[in-house]
Amino acid sequence: MRIANSFQVLAEACLFQPAIEAKLEATRAAELALASGALVPAAVTDPRPAARVQFPECPALVEPRHLPRRSLTSPAGRVAFLHAVAHIEFTAILLAWDMAYRFAGLPEAFTRDWVGVACEEARHFEAVRSRLRQLGADYGELPAHRGLWELAEQTAGDVLHRLAMVPRFMEARGLDVTPGMIDKLQAVGDAESVAVLELILREEVGHVALGSRWFDYVARQRGLEPEAAYFQLIARYLHGDVRGPFNRTARLQAGFSESELQRLETLGAA
Ligand SMILES: [Fe+2]
Ligand SMILES: [Fe+2]
């Protein structure tokens, strides 16, 4: 059965209502319906503004300086760390859906790819949330970083900008910092959390790789040289605030070129 407008309905059910469970259900429903052929990605002609995307009532979204400390050696610090990761993964569900939903004029494969990413992000979120629950906590109990949606709003008008700044900047930064987190969790003997972060790291390489592939596609379609376009966007949105060190192996797997890495390292060292 094919439901009229079902793609838009599911995307909006995830993005524009606040309940966590309903967002997760819409994401699961999209995965099943895409796999069975019941759902065909269709362009949305009148996407609602990215600024209207809804987050749940909890966690409270605050400035980073108001977040709890997260030294991984104490149980409370580990909970604070995992809560921050849960919030990143939760926001990533919305970022992937918004990518699939907002931008017209792209092939159906683009939409399928980003709905697929949304499904993986939902699984990442649920894995971190289960680990929090094992530790006697839950997502929503602590405050969370309010800034993670900002780049989505700033880049809502142009898919090339969104691809550069979300998968090829924010998610790529995750590839750089996650191995260090895994090492710290290993050092304190938290094998369960290590397993969750290892799963996330593996799959995030795929998300960044999709970002690279589609960035390249859109840039070339516009007659732009992808690397030059990428660094122009980095300069525009980050004002030079590029930080290393970079996970070269993961970034190369995820479609960064050697030359891009060298330029990033030069910027990161400045
Ligand atoms: Fe993720
Ligand atoms: Fe991701």
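Novice: Looking at this model, I keep getting lost on the overall build of the protein chain. Mind explaining?
Specialist: When helices and strands are counted, the protein chain shows ten helices and two strands. What you see in the protein chain, going N to C, is helices and strands ordered as α-α-β-α-α-β-α-α-α-α-α-α. What you see for the protein chain is a C-alpha radius of gyration of 18 Å, in line with the 18 Å of a compact globule of 270 residues. In terms of its C-alpha atoms, the protein chain occupies a principal-axis envelope of roughly 50 × 45 × 30 Å. The buried share of the protein chain, taken over its 270 residues, is 50%. Accessible area for the protein chain stands at about 12,500 Å²; split by element, carbon and sulfur atoms hold 54% of it. Of the side-chain charges in the protein chain, 29 are positive and 34 negative, and the distance between the mean point of each set is 2 Å.

Novice: In this structure, what is going on with the side chain of R251? I would like to understand it.
Specialist: Positionally, R251 belongs in helix 9 (residues 248-253). Setting aside its immediate chain neighbours within four residues, R251 contacts A172, R173, L175, D176, F246, F256, L261 and L264.

Novice: Would you take a moment to explain the packing of helix 4 (residues 108-134) against helix 7 (residues 191-221) for this structure?
Specialist: Two quantities define a packed helix pair, namely the angle between the axes and the distance from one axis to the other. At their nearest, the axes of helix 4 and helix 7 sit 10 Å apart, and the two run at 165 degrees to each other. Put simply, helix 4 runs roughly antiparallel to helix 7. Here helix 4 and helix 7 pass one another in a crossing that is left-handed. Counting all contacts with helix 4, which are made through A109, F110, D113, W114, V117, E120, E121, H124, A127, V128, R131 and Q134, the residues of helix 7 involved are E192, S193, V196, L199, I200, E203, E204, H207, L210, G211, R213 and W214. Looking at side-chain class alone, the contact of helix 4 with helix 7 contains eleven nonpolar, five polar and eight charged residues.

Novice: I keep staring at the coordination of the iron ion (ligand 1) and nothing clicks. Help me out?
Specialist: Think of it this way: four donors in a tetrahedron around the metal ideally sit 109.5 degrees apart, and six in an octahedron ideally sit 90 or 180 degrees apart. The iron ion (ligand 1) binds to the protein through E89 (OE), E121 (OE), H124 (ND1) and E204 (OE); the donor distances cover 1.9 to 2.2 Å. Every donor counted, the four donor atoms about the iron ion (ligand 1) form angles of 92 to 157 degrees at the centre, which fits irregular coordination. Mapped onto the polypeptide sequence, the residues donating to the iron ion (ligand 1) form the spacing pattern E-x31-E-x2-H-x79-E. The distance between the iron ion (ligand 1) and the iron ion (ligand 2) comes to 3.6 Å, with E121 serving as a donor to both metals. With E89 in helix 3 (residues 75-102) and E204 in helix 7, this pair connects stretches of sequence that are 115 residues apart. Just as E89 is buried, E204 falls in that class too.

Novice: Help me understand the pattern of salt bridges, please; the structure alone is not making it clear to me.
Specialist: Where charged atoms from two side chains of opposite charge approach closely, those side chains can pair. Applying the stated rule across the entire model yields 21 salt bridges. Among the salt bridges present, the one from D176 reaches R251, with a minimum N-O distance of 2.6 Å. Note that D176 is positioned in helix 6 (residues 159-187) and R251 in helix 9, a separation of 75 residues in sequence. The exposure class assigned to D176 is buried, which follows from its relative accessible area of 11%.

Novice: Please clarify how the coordination of the iron ion (ligand 2) should be interpreted in this entry.
Specialist: At the metal site, the iron ion (ligand 2) is ligated by E121 (OE), E171 (OE), E204 (OE), E204 (OE) and H207 (ND1), and these contacts range over 1.9 to 2.6 Å. Counting along the primary sequence, the residues that act as donors to the iron ion (ligand 2) give the motif E-x49-E-x32-E-x2-H.

Novice: When you look at the nonpolar core in this model, what are you seeing that I'm missing?
Specialist: Nonpolar side chains tend to gather and get buried jointly when the protein is soluble and globular. W97, W114 and L163 are the most contacted members of the largest nonpolar core, which totals 87 residues. In terms of residues, this core owes the most to one element, helix 3, which gives 14 residues. Setting aside chain neighbours within four positions, we find L163 in contact with M99, F110, W114, R168, G211, W214, F215 and V218.

Novice: What exactly am I supposed to notice about the packing of aromatic side chains here?
Specialist: Each aromatic ring pair is summarised here by two numbers: the centre-to-centre distance and the angle between the ring planes. The tally for this structure, following the rule as stated, stands at 13 aromatic pairs. Each ring, one from F55 and one from W149, has its centre 5.9 Å from the other, and the planes form 75 degrees; the classification is edge-to-face. One end of the pair, F55, is in the loop between helix 2 (20-36) and strand 1 (61-62); the other, W149, is in the loop between strand 2 (144-145) and helix 5 (150-154), with 94 residues separating them in the sequence. For W149, a relative accessible area of 5% corresponds to the buried category. Cluster of aromatic residues (ring-pair linked, three or more members): F55, F90, F125, Y139 and W149.

Reading the values: rules and limits
- Residues numbered from 1 in each chain as written.
- Chains lettered and ligands numbered in written order.
- Predicted model: local features only at pLDDT ≥ 70, side-chain atom pairs only at ≥ 80, totals over all residues.
- Heavy atoms only, no water.
- Helix = DSSP H or I, 4+ residues; strand = E, 2+ residues; numbered from the N terminus.
- Rg over C-alpha atoms; globule rule 2.2 N^0.38 Å.
- Buried < 20%, exposed > 50% of the residue type's maximum accessible area, 1.4 Å probe, protein only.
- Areas by Shrake-Rupley, 256 points an atom, 1.4 Å probe, with all protein chains shown as cover.
- Lys, Arg positive; Asp, Glu negative; His and termini not counted.
- Charge placed at Lys NZ, Arg CZ, Asp CG, Glu CD.
- Contact = heavy atoms within 4.5 Å.
- Axes fitted to C-alpha atoms, helices over the stretch in contact; angles between N-to-C directions.
- Parallel < 35°, antiparallel > 145°, perpendicular 65-115°, else oblique.
- Left-handed = near helix turned anticlockwise from the far one by under 90°.
- Nonpolar A, V, L, I, M, F, W, Y, C, P; charged D, E, K, R; others polar.
- Donors = N, O, S within 2.8 Å, 3.2 Å for Na, K, Ca; no water.
- Tetrahedral: all angles 85-135°; square planar, octahedral: opposite > 155°, others 65-115°.
- Salt bridge = Lys/Arg side-chain N within 4 Å of Asp/Glu carboxyl O.
- Core = buried A, V, L, I, M, F, W, Y, C linked by side-chain atoms within 4.5 Å.
- Phe/Tyr/Trp six-rings, centres within 6.5 Å; stacked < 30°, edge-to-face > 60°.

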